[in-house]
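# Structural features, examined
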Amino acid sequence: MAKYYPVHPDNPQRRSLNQVVDTLRDGGLIAYPTDSGYAFGCRLGNKAALERIREIRQLSEKHHFTLVMSEFAQVGQYVQMENWVFRAVKAAVPGRYTFILRATRDVPKVMLHPKKHTVGVRVPEHVTALALMDILGEPIVSSTLILPDEELPMTDGWQVKEALDGRVDAVLDSGDCGLDPTTVVDFSSGTAVITREGAGDPEPFR
């Protein structure tokens, strides 16, 4: 049974966040709110949790997992960016974007696209998600919580608890959650390619 942690949207209770972080550090899989709907989350290198996400969402090995970070300063450790990409990403975060870039050696191979060696990165604009990562002290490996045959991410914490009870280890609910998935911008070909239009304004990347 998944543990359920409701917290205040503007001042999430530290005790509950600590318990969710403990779940992550113990190898667990969580569901947590972001500015673009709920997401699955686990620690970097947690292969078993990644397989659980793939099973729940029915994803192929080519799915891009995303490193969700609390600040732009962390991005350069995990992905390679030319100067113009650096400036474009910096100008857009925090925000409702996911950027696909070639990964550095700090990203475990199990997370990468098998041929492109790319990974997603994003910095959300969401109090609870940022507070969670600040306590964890590292990025959270994430995938949007869109269930098979659905087009949009789940946005209600109690609904997530009911739908995934026994399939995730904890659900963090702050009541406030974006309604649309992120806009995805792929820089891996050397130009900006919008592969999904979502909550982030795509115009700066056209």
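Computed from a predicted model, the values in this text were never measured in an experiment.

Looking now at the UniProt feature "domain: YrdC-like" (unreviewed entry) in the chain. The UniProt feature table records "domain: YrdC-like" (unreviewed entry) at residues 14-200. Structurally, residues 14-200 is divided into 29% helix and 22% strand, and its ends, taken at the C-alpha atoms, are 29 Å apart.

How two helices pack is summed up by the angle between their axes together with the distance between the axes. Between helix α1 (residues 14-25) and helix α5 (residues 127-136), the least distance of the axes is 9 Å, while the angle of their chain directions is 60°. Comparing their axes, α5 and α1 come out oblique. Crossing of α1 over α5 shows right-handed handedness. Note on element contacts: α5 touches α1 through T128, A131, L132, I135 and L136, opposite R14, L17, N18, V20, V21, L24 and R25. Of the residues in the contact of α1 with α5, the class split is eight nonpolar, two polar and two charged.

Here we take up the environment of Q13. Summarising the element assignment, Q13 is placed in the loop between β1 (3-6) and α1. A relative accessible area of 38% places Q13 in the partly exposed class. Distance from Q13 to T128, taken between C-alpha atoms, is 9.4 Å for residues 115 residues apart in sequence. Polar side-chain contacts of Q13 include one of 2.9 Å to the backbone nitrogen of H8.

Among the residues making up helix α4 (residues 83-92), those that are buried are V85, V89 and A92. Relative to the axis of α4, the buried residues are bounded by an arc of 65° and lie together on one face. Among the exposed residues of α4, those pointing more than 90 degrees away from its buried face are N83, R87 and A91. Looking at the buried side of α4, the elements it contacts are β5 (97-102).

To continue, consider the layout of surface pockets. Here the largest pocket is characterised by a volume of approximately 410 Å³. Residue lining of the largest pocket: 23 residues in total, with H63, H64, T66, V184 and R196 positioned closest to the centre. Roughly 150 Å³ of internal volume is contained in the second largest pocket. Along the walls of the second largest pocket sit Q80, M81, E82, W84, V85, L101, R102, F187, S188 and G190, which together make up its complete lining. Of all the elements in the fold, those that place two or more residues in the lining of the second largest pocket are α4 and β5. Residues belonging to the lining of the second largest pocket are distributed by class as follows: five nonpolar, three polar and two charged.

Our focus in this paragraph is the nonpolar core. With 44 residues, the main nonpolar core has L67 and F99 as its most contacted residues. Among the secondary structure elements, those contributing two or more residues to this core are β3 (37-42), α2 (47-57), α3 (75-78), α4, β5, β6 (118-122) and α6 (157-164). Ranked by residues supplied to this core, first place goes to α2 with four residues. Excluding anything up to four places from it in sequence, L67 contacts L44, Y78, V107, M111, V119, G120, V121, R122, P139, I140 and V141. In this structure, V7, V20, I135 and A170 belong to the second largest nonpolar core, which totals 19 residues.

Within the span of α6, buried status applies to G157, V160, K161 and L164. The buried residues of α6 occupy one face: seen down the axis, they fall within an arc of 100°. Considering only its buried residues, α6 is in contact with β1, β2 (30-34), β3, α2 and β8 (170-173). Two to three positions downstream of the cap, the backbone nitrogen of W158 sits 3.2 Å from a side-chain oxygen, assigning the N-cap of α6 to D156. Positive backbone phi, approximately 90°, marks G166, located one or two places after α6.

This next bit is on the sheet that holds β2. The sheet built from ten strands is open, its strands ordered β1-β8-β2-β3-β7-β4-β6-β5-β9-β10 with mixed pairing. Of all strands in the sheet, those with a lone pairing partner are β1 and β10 (193-196), marking the two edges. Neighbour to neighbour, the strand axes of the sheet diverge by 30° on average, direction disregarded. Judged from the three bridges that link them, strand β4 (residues 66-68) and strand β7 (residues 140-144) form a sheet pairing that is antiparallel. Paired with L67 across the two strands is V141, which belongs to β7. Here α5 sits on the sheet and contacts β2, β4, β7 and β8; the angle it forms with β2, its principal contact strand, is near 130°.

The rules behind the values
Residue numbering note: each chain is counted from 1, following its sequence as written. Where local features are concerned, this predicted model is filtered to residues with pLDDT of at least 70; where side-chain atom pairs are given and counted, the filter is 80 or more; whole-chain, interface and lining totals use all residues. Only hydrogens and water are set aside when side-chain values are computed; all heavy atoms of the structure are taken into account. UniProt positions are given in the numbering used here, feature names are shortened, and annotations may be inferred rather than shown by experiment. Helix and strand labels come from DSSP, where a helix needs a run of H or I of at least four residues and a strand needs a run of E of at least two; each type is numbered from the N terminus. A fitted line through C-alpha atoms serves as each axis, taken over the contacting stretch for helices, and the angle formed by two N-to-C directions is quoted from 0 to 180°. Roughly parallel covers angles under 35 degrees, roughly antiparallel covers those over 145, roughly perpendicular covers 65 to 115, and oblique covers all other angles. Each crossing is labelled by how the near helix is turned from the far one, with a counterclockwise turn of less than a right angle marking it left-handed and a clockwise turn marking it right-handed. Note on definitions: a residue-residue contact is assigned when non-hydrogen atoms from the two residues lie within 4.5 Å. Three residue categories are used. Nonpolar comprises Ala, Val, Leu, Ile, Met, Phe, Trp, Tyr, Cys and Pro, charged comprises Asp, Glu, Lys and Arg, and polar comprises the others, including Gly. Three exposure classes are used, based on accessible area relative to the maximum for each residue type with a 1.4 Å probe and protein chains only: buried under 20%, partly exposed in between, and exposed over 50%. Side-chain atoms alone can form a polar contact between residues adjacent in sequence; in general such a contact is a pair of N or O atoms within 3.5 Å, and within protein one must be able to donate a hydrogen while the other accepts it. Summarising the geometry, the arc corresponds to the directions from the helix axis toward the C-beta atoms. As defined here, a cavity is a set of points on a 1 Å grid over the protein atoms alone where a 1.4 Å probe fits but cannot get out. A pocket is an open set with protein on both sides within 12 Å along at least five of seven lines, and residues line them when an atom is within 4 Å of a point. Grid points are joined across faces, edges and corners, and a volume is the space filled by probe spheres set on the points. Note on terminology: a nonpolar core comprises buried Ala, Val, Leu, Ile, Met, Phe, Trp, Tyr and Cys residues joined through side-chain atoms within 4.5 Å. Between any two strands, at least two bridges found by DSSP are needed for them to pair.

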